[in-house]
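# Residue-level structure breakdown
Below are the chains, spelled out letter by letter.
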Amino acid sequence: MSDAEKWYLEALRILRLVLGEGHEAVAGVCGSLGEVYSSQGRLEEAVKMHKLALGAYRGASERDSEKVAIALCTLGTTLYRRRLYDRAMKKLEEGYEMFRRLHGDDHEHVARLLNSMSLVLQAQGRVAES
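Rules behind the numbers
Residues numbered from 1 in each chain as written. Predicted model: local features only at pLDDT ≥ 70, side-chain atom pairs only at ≥ 80, totals over all residues. Heavy atoms only, no water. Salt bridge = Lys/Arg side-chain N within 4 Å of Asp/Glu carboxyl O. Helix = DSSP H or I, 4+ residues; strand = E, 2+ residues; numbered from the N terminus. Buried < 20%, exposed > 50% of the residue type's maximum accessible area, 1.4 Å probe, protein only. Core = buried A, V, L, I, M, F, W, Y, C linked by side-chain atoms within 4.5 Å. Contact = heavy atoms within 4.5 Å. Expected span 1.5 Å × (residues − 1). Disulfide = S-S within 2.5 Å.

### Focus: the pattern of salt bridges
Tallied over the entire structure, the rule returns 13 salt bridges. For Glu-94, the salt bridge identified is with Lys-91, shortest N-O distance 3.5 Å. Note that Glu-94 and Lys-91 are positioned in helix α5 (residues 85-103) at a spacing of 3 residues, about one turn of the helix. The partly exposed category is assigned to Glu-94, whose relative accessible area is 26%. Across the salt bridge formed by Arg-100 and Glu-97, the nearest N and O atoms sit 3.4 Å from each other. One end of the pair is Arg-100 and the other is Glu-97, both in helix α5 and 3 residues apart, which spans about a single turn.

Quick look at the structure:
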């Protein structure tokens, strides 16, 4: 276990105790821990933490928020890395639609999501659709 993982786990324990599961600070630590796991190739654990982060951000935010959209994209990207393409596409599409509602069609985040969704289609062998 890396030092970063230990510290994030301890921070997560304390924040859950003090603030509760659905707090934005809990979501942030879950997302950070997911990134640690992802960087270590521990993708199953990363997906679990990104799902927890998404749930906490959804609980702490209004329906459409930048943090929820980013959490959707991060989860989608991690699912893509696990080769769970259908699930990845679903999360990326949700993030795409949320960013469109938040920022309109001509925004950097919208363009990045279109690129990510094209990569998923290519990985599925659906090059003509990408």
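Moving on from the model shown.
### Thoughts on the nonpolar core
As a rule of thumb, nonpolar side chains are buried together in soluble globular proteins. Core analysis: the biggest nonpolar cluster contains 24 residues, and Leu-54, Val-68, Phe-99, Leu-113 and Val-120 have the highest contact counts within it. For this core, the secondary structure elements donating two or more residues are α3 (43-60), α4 (66-81), α5 and α6 (108-123). When residues no more than four places from it in sequence are discounted, the contact partners of Leu-54 are Val-68, Ala-71, Leu-72 and Leu-75.

### Regarding α5
Here α5 contains 19 residues, and its C-alpha end-to-end distance of 26 Å stays within 8% of the 27 Å for a straight helix at 1.5 Å per residue. Along α5, the positions that sit buried rather than exposed are Tyr-85, Ala-88, Met-89, Lys-91, Leu-92, Gly-95, Tyr-96, Met-98 and Phe-99. The elements touched by buried residues of α5 are α4 and α6. Residue Gly-104 follows α5 closely and has a positive phi angle near 90°.

### Section: the environment of Leu-114
Mapped onto the fold, Leu-114 is located in helix α6. By relative accessible area, which is 40% here, Leu-114 ends up partly exposed. Spatially, the C-alpha atoms of Leu-114 and Leu-92 are 8.7 Å apart, while their sequence positions differ by 22 residues.

### Details of the environment of Ala-111
If you trace the backbone, Ala-111 turns up in helix α6. Looking at Ala-111, the relative accessible area reads 44%, which means it is partly exposed. In this structure, the C-alpha to C-alpha distance between Ala-111 and Cys-73, residues 38 residues apart in sequence, is 12 Å.

### Digging into the state of the cysteines
Applying the stated criterion to the full structure yields 0 disulfides. Cys-73 takes part in no disulfide bond, and the closest cysteine sulfur, belonging to Cys-30, lies 18 Å away. Accessibility expressed as a relative area gives 11% for Cys-73, which makes it buried.

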